[in-house]
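Now for the letters of each chain:
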Amino acid sequence: MPRPFNRLSLEEFAQLLARFPFRRRIDSVHMHHTWRPNHGQFRGLESVEAMWRFHTQENGWSDIAQHITIDPEGMIWTGRDWNQSPASASGHNGNSISGPFMFEMIGDFDGGRDRFAGAQREAALEVVARVQMKFGLAASSLRFHNQMSSKSCPGSSIDYEEFLSAVESRRAEISEEDAARSARLSAEDRPFSDEESELAGRVESLLGSFSRSGAFRDDPASAETGDDELQEFEVRRLIEEGLIAPPPAASGGREESAREAASELTPEVRAELRQHVINLRQGQFSSEGKFSTSPADVDAIFGERLAEALAEAKDEGRKLRLLFFAHGGLTSESSGLQIAHRQVSWWKSNKIYPVYFVWETGFFEIIGQLLRSGRSRTIESARDIFDFTSDPLLEAFARRFGGVSIWSGMKRSAELSAAAGGGARYVAKKLKEFCEANAKDVELHAMGHSAGAIFHAYFVPTALKMGVPSFRSMHFLAPAIRVDTFKELLAPKVGEGEGIDHLTVFTMKKDWERADNCAELYRKSLLYLIHHGLEPQPKTPILGLEESLRNDGELTRLFGLAGHASASGEVIWSKTQVESGRNASTSASHGGFDEDSPTMNSAARRILGLDDTTPIEEFPTQGARERAADAWQDSAEWEEELREMAPRAARVRPKHPSTASSPAPVASPAPAGAKDGRADGQGGRRRALCVGINTYPTSPLSGCVADAEEWADTLRSLGFETTVLINERATYDSILTVLSDLVNTSRSGDVIAFQFAGHGTTLGDKNNDESVNGLPGRDEALCPYDFAKGAFIIDDDVAEVFSRIPDGVNVTCFIDCCHSGTITRFAVGDSAEGQGRARNERPRFIVATPEMENYHRAFRKSVGRSRSFAARGPDSMREVLFSACLQSEVAWENDGHGDFTTRATQILKQGANAMSNELFQQRVVEAFGSTPRQHPELDCSANVRGRALLGPLTTPGFTDAGVAPQVATAGAASREIEAIAQGFRMIADALIKPR
């Protein structure tokens with residue numbers, strides 16, 4: 001049960017701040033928005049407690065993340081103890097001695113969303129100003145979340161410099177007000193009024209509530225508030241409260257129906273779709289599910305397939321017409337693939353090359369279940385006058401119980417696709433390169449169905465900003481985009497020479513919209529449900545609704561409505577009287593437009609620039625209305641992550657794939673002068689495995705693939721034959737399989753190198769092999785690409801592989817991630833705070849939530865792996881480990897590379913022949929400068945610290961004990977210091993462990 005949260009006025013906050021017994025020094029103020037809940041979703045104490053539940057029960061933190069929360073009315077809700085460091089931004093949370101004061105504002109302040117104004121803005125200014133003045137901080141000590149991460153928080157509509165200027169003004173005003181108040185009270189010398197006495201008593205009570213809050217534990221320094229975390233929590237809550245059904249079992253029912261539909265995707269069909277489909281999940285390339293897409297697949301489309309199509313078009317004396325299609329936003333992966341499967345060949349028969357974005361949101365069924373639940377709970381009377389009885393109740397029910405979060409999360413996926421690291425952004429980049437090379441021979445077009453218009457509102461402007469030429473036409477089918485979003489992102493670009501030469505909207509007249517239904521329960525179209533129940537504010541204007549178009553003067557002019565002629569835009573109202581030609585559309589359902597033959601034929605004629613009578617390949621009639629109705633029940637499967645969201649649902653964990661199914665690694669050729677991985681003059685073979693992962697399903701990185709490639713190039717220059725595993729190829733199975741093969745096939749005189757760049761984490765110790773002085777420890781782990789399924793590579797896995805190292809084989813590891821300090825044996829440690837970073841810097845660390853730990857336990861059981869190795873000390877190690885940082889530190893990446901990798905590879909390129917392991921480690925440490933934020937470590941047995949770096953164990957010039965004469969003295973001193981440091985680390989670890 002959550003502890004009490006109190007709602008304060010600004011005056012109460014000021015009094016509490018002045019009297020609070022701070023034991024930690026505040027050095028900055030961090031400003032966030034909640035994103036969810038936004039203004040329309042906020043329910044006072046209920047929402048604050050929901051955040052507390054999510055942060056404590058889902059994230060595993062000790063308390064709600066923020067010190068205070070500012071609501072839309074400018075009132076302030078208490079949060080975690082002000083003497084406790086917040087869960088603000090990874091590496092910036094401070095500790096119990098010093099750190100930030102962090103607050104969240106209820107709302108979504110990205111462009112076009114909630115307004116940051118009025119009492120809420122004034123409260124935020126007051127809070128920042130008073131905290132800064134209390135601790136003697138400069139106004140610039142204010143930090144926006146987006147200055148510490150890649151998120152947009154506290155909202156893209158809030159300008160930092162403008163807000164900072166307002167803070168400075170408010171500080172001056174507070175100084176004058178406080179001085180005047182002090183002078184007045186001194187002059188009057190009067191007793192407190194009843195109001196002042198009541199305020200003093202309330203502040204005293206609040207101080208007492210802080211003192212009674214009890215001891216708290218430190219949260220990981222990498223703890224960071226997300227901007228979409230409540231969406232998944234919302235789905236769990238809906239399941240647990242019985243508002244939607246739990247996921248079905250892994251066979252039968254709707255999922256079986258979805259699999260049967262997907263089974264039509266034979267290898268031949270998949271091969272055809274790979275030339276046209278780009279599969280995304282949460283904005284990133286999707287590497288799982290029924291159909292995967294990688295950057296290499298996109299490269300192949302633009303580098304091979306389109307080149308062939310362009311050559312064919314030139315031979316026929318025409319331009320290559322390239323169409324980008326985005327399906328509706330609640331569509332599952334299977335349904336999206338089926339849409340592409342049915343349509344690709346038709347487009348191609350009309351000399352149009354389609355590229356389909358399948359963006360895997362798949363919440364159609366959940367919305368349908370919400371409507372069914374709403375009917376059963378709120379509607380018992382005869383359902384005859386829908387506009388006045390059932391529909392308003394269902395709209396309110398959908399808004400109140402998760403519909404807004406689900407719809408907003410879908411829109412967020414579209415936005416993320418065009419953000420840095422997004423899949424659509426990568427496509428835009430490749431499109432730019434293709435058009436630059438073939439500008440006169442390519443013609444661009446776009447089409448979006450329903451929320452596909454939202455997807456294109458981010459993709460198309462991104463492409464245009466990169467320098468892609470104008471899109472000759474854009475076609476929206478029943479667009480579900482908000483009018484204000486359309487006017488902000490797309491409308492200024494519509495018109496000859498503006499970026500989108502012409503926009504055609506196909507949508508239903510108002511009476512047909514009202515005759516449509518959602519799941520046979522809500523008696524109007526999905527656009528009306530969005531308009532009334534799924535957007536944060538009721539009655540939000542939606543572009544596809546006739547009344548929204550006609551009620552906006554700017555839109556009537558753009559689309560030539562009400563007698564306004566327009567050369568840039570046009571609306572085709574379904575149902576039209578004609579069923580053929582450029583202006584025909586007969587869909588009677590929201591979901592039926594992309595299967596309506598007259599609509600699709602009209603769009604094709606417009607793309608081709610043909611009149612009403614010129615023959616084209618007609619779109620096949622396939623019963624669009626029937627399929628649109630089925631979409632609410634059978635065509636949208638539960639994705640695996642939704643199954644995992646439901647703790648009380650019957651679920652079947654998939655068996656871990658066998659190593660035989662792992663993708664075959666790619667071996668890089670040895671450099672000139674090296675044969676069979678053998679360096680000249682060194683005797684044995686020299687082989688390496690390099691791993692880099694950027695495109696994690698969650699918390700993607702940006703520099704790890706570049707790191708792996710840099711290590712591979714560096715090691716090849718030293719005579720190594722390298723195997724490189726990147727992104728989706730770097731699974732649990734493939735990493736351990738290749739590493740085991742290197743060890744198992746090695747022989748005396750060989751040298752093996754293993755490099756990893758990606759996320760690290762720690763997991764709860766299951767058998768006390770990590771304990772220190774009887775206190776529980778943490779297992780260190782690497783995060784392979786498929787870690788979200790529980791497939792962490794823990795220290796025991798690596799220890800098992802390295803226990804088989806043959807005598808005379810040198811194995812050296814270079815690990816560039818957090819908690820890599822002793823990954824090849826057992827270690828203790830929790831992450832510690834990092835230091836300030838720019839926007840392109842990221843820590844390589846994943847917080848293992850309780851849910852991840854549960855998946856990990858299930859995974860270990862499913863693959864038959866249990867912990868079997870006792871804790872090993874350095875003297876028992878048969879390998880050498882260079883790690884990016886201490887166990888208590890954060891490993892950083894910056895400007896496209898890991899900080900450790902950049903320094904280590906530069907030193908190796910200068911020559912590794914005369915260096916010992918110890919000397920190399922010293923040089924890397926020195927390369928971080930006099931005030932390093934991370935301290936690379938060397939972990940190995942004492943008798944190999946002075947042996948040749950990356951050399952055979954019998955390299956000449958090194959003593960039998962492994963210590964070269966020139967570094968013996970330094971090595972002894974270093975070991976003494978290391979022993980002392982290790983002792984202090986063990987004491988610190990023991991002190992910070994929760995009891």
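Quantities reported herein were computed from a predicted structural model and do not represent experimental measurements. (Residues numbered from 1 in each chain as written. Predicted model: local features only at pLDDT ≥ 70, side-chain atom pairs only at ≥ 80, totals over all residues. Heavy atoms only, no water.)

This brings us to unusual backbone geometry. A cis amide bond links Cys153 to the next residue, Pro154, at an omega of 10°. Here Pro154 lies in the loop between strand E6 (142–144) and helix H4 (160–188). Residue Lys575 follows Ser574 across a cis peptide bond; omega there is 5°. Within the chain, Ala478 stands out as a residue other than glycine whose phi angle is a positive 50°. Following the sequence through the fold, Ala478 ends up in the loop between strand E12 (471–477) and helix H16 (483–489). Despite not being glycine, Asn727 shows a phi value in the positive range, around 50°. You can see Asn727 is positioned in the loop between strand E17 (721–726) and helix H25 (732–744). The buried category is assigned to Asn727, whose relative accessible area is 8%. (Helix = DSSP H or I, 4+ residues; strand = E, 2+ residues; numbered from the N terminus. Buried < 20%, exposed > 50% of the residue type's maximum accessible area, 1.4 Å probe, protein only.)

Turning our attention to the packing of aromatic side chains. Taken as a whole and assessed by the stated rule, the structure comprises 28 aromatic pairs. Ring centres of Phe20 and Trp82 lie 5.1 Å apart, and the angle between their planes is 50°; on these two criteria the pair is classed as tilted. A residue pair is termed long-range when its members are at least 10 positions apart, and Phe20 in the loop between helix H1 (10–19) and strand E2 (25–33) and Trp82 in the loop between strand E4 (76–78) and strand E5 (98–105) qualify at 62 residues. What makes Trp82 buried here is its relative accessible area of 0%. Consider the rings of Phe144 and Phe163, whose centres lie 6.2 Å apart with planes at 50°: the pair is tilted. (Phe/Tyr/Trp six-rings, centres within 6.5 Å; stacked < 30°, edge-to-face > 60°.)

To continue, consider empty space enclosed by the protein. Overall, the coordinates contain four cavities of 30 Å³ or more when judged by the stated rule. The space that makes up the second largest cavity amounts to roughly 60 Å³. As for the second largest cavity, its lining consists of Arg113, Lys411, Ile454, Tyr458, Arg482 and Thr485. Among the residues making up the lining of the second largest cavity, the classes are represented as two nonpolar, one polar and three charged. (1 Å grid on protein atoms, 1.4 Å probe; cavity = no way out; pocket = protein on both sides within 12 Å on 5 of 7 lines; lining within 4 Å. Points joined across faces, edges and corners; volume = space filled by probe spheres on them. Nonpolar A, V, L, I, M, F, W, Y, C, P; charged D, E, K, R; others polar.)

Of the residues in the chain, 71% have a pLDDT of 70 or more, and the chain-wide mean is 77. Predicted confidence is poor over residues 227–231, with pLDDT under 50, and the contacts of this stretch with residues over four places away or in other chains come to 17 contacts. Note on residues 958–995: pLDDT is under 50 here. Beyond four places in sequence and across chains, it has 49 contacts. (pLDDT = per-residue confidence, 0-100. Contact = heavy atoms within 4.5 Å.)

For the rest of this paragraph, the subject is the sheet that holds E6. An order of E1-E4-E3-E5-E2-E6 is seen for the six strands of this open sheet, with the pairing classed as mixed. Looking along the sheet, the strands with just one partner apiece sit at the ends: strand E1 (7–8) and E6. Pairing of E2 with E5 involves eight bridges; the strand directions are parallel. Counted as the bridge partner of His32 is Glu104 from E5. (Pairing = 2+ DSSP bridges.)

What follows is about the environment of Gly112. Checked against the element boundaries, Gly112 lands in the loop between E5 and helix H3 (118–134). The exposure class of Gly112 is partly exposed, given its relative accessible area of 33%. For Gly112 and Glu488, which are 376 residues apart along the polypeptide, the C-alpha to C-alpha distance reads 7.7 Å. Beyond its immediate stretch of four places on either side in the chain, Gly112 contacts Arg482, Asp484 and Glu488.

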